[in-house]
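Here's the letter readout for the chains.
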Amino acid sequence: MFKTAYHHIRRSPYQAFAAILIMMVTFFSISVFTFLIAGSAKVITYFESIPRVTAFFNIDAKQSDIDALKSKLLATGKIDKITFVSKEEALTKFKQMTKSDNPLLQDLVTEDILPSSFEIATKKLEDLPTISDSLKNSPIVYKVGFYTDVVPKLLSWTHAIREVGFALIIILSIISVLIMTIIIGLKVAQKREEIEIMRLIGATKLYISGPFILEGMYYGIIGALLGGGIAIGILSYTTPMLMEFLKGIPVFPIPTMFFAGLLGAEIGLGIILGIISSWLAVNRYIK
């Protein structure tokens, strides 16, 4: 069966090239959207792990009221981390930020005029607006800092990437199966008389269809290796530029095991698509 499958591919190189090309495009797209989805997940995790809401307290706010507000926020189950910044710590941060800009301003500002605050990180970005509104309604909070424009845009872009990626992967997979079914079907049609003779002399369905199924698996494996390999190569080449663009966000370096797992999954999917395509093509002529 392996020898026959090899002869099928060798005798029709252009058809084999077309089948491998469509599989390569499919798996290249799968790899690219996998990188985008995984990268966006890391970006969201990063933003979820840092304080995104800052609540500044009134100067005369009592520590007991601040502790009560903290307990109330933690009781919601949406808080990942709350950091209390005292007036002394706020003054230290202020001096560090203005050390090189205006030394005179440091002497004028004291801890008495700087408010204490909460720096809050939620478990999910979707919970940030709710926590922000809750803080604004507190009588001991006079100001809430919240990046209202960044968070919704980040979430909408992430959801859009996932939806478009999954839709495109499904569409390309279907197209790949159809095109490979046509290519292998043409080869089966050319050997229709030979298949009928083989059936008459007692050849089994597996013996007849085996070479075509192996051929489809070959297209799937080679297409997965080429498509995934090209995508990984491009990502590796552009990693320095992406690291410069994503300053401070720990997306890179990507573990080697991630690439190995992705290629393994794509090879498995390529084998499945190849088997489905071959079975659809051969099933028309073997009853």
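Anything mentioned here points back to the structure above.
Since the structure is predicted, the reported quantities are computational estimates derived from the model, not experimental observations.

1. Observations concerning the overall build of the protein chain
Within the protein chain one finds ten helices and four strands. Walking the protein chain from its N terminus toward its C terminus, one meets helices and strands in the order α-α-β-α-β-α-α-β-α-β-α-α-α-α. Residues classed as buried in the protein chain amount to 39% of the 287 residues present. Sequence-distant contacts in the protein chain: of pairs separated by 6 or more residues, those separated by 24 or more amount to 86%. Put simply, the protein chain shows about 16700 Å² of open surface, and 66% of that area lies on carbon and sulfur atoms.

2. Details of the side chain of S31
Relative to the elements of secondary structure, S31 occurs in helix α2 (residues 13-49). Separated by 2.8 Å, the side chain of S31 and the backbone oxygen of F27 make a polar contact. If we ignore the near neighbours within four places in the chain, the residues touching S31 are G227, G228, A231, L262 and E266.

3. Considerations on the environment of I20
Its location among the elements puts I20 in helix α2. Separated by 203 residues in the primary sequence, I20 and G223 place their C-alpha atoms 5.0 Å from one another. If we ignore the near neighbours within four places in the chain, the residues touching I20 are Y218, Y219, I222, G223 and L226.

About the cut-offs
- Residues numbered from 1 in each chain as written.
- Predicted model: local features only at pLDDT ≥ 70, side-chain atom pairs only at ≥ 80, totals over all residues.
- Heavy atoms only, no water.
- Helix = DSSP H or I, 4+ residues; strand = E, 2+ residues; numbered from the N terminus.
- Buried < 20%, exposed > 50% of the residue type's maximum accessible area, 1.4 Å probe, protein only.
- Contact = heavy atoms within 4.5 Å.
- Areas by Shrake-Rupley, 256 points an atom, 1.4 Å probe, with all protein chains shown as cover.
- Polar contact = N/O pair within 3.5 Å; in protein donor to acceptor, adjacent residues only side chain to side chain.

No statement about biological role is implied by the geometric values presented.
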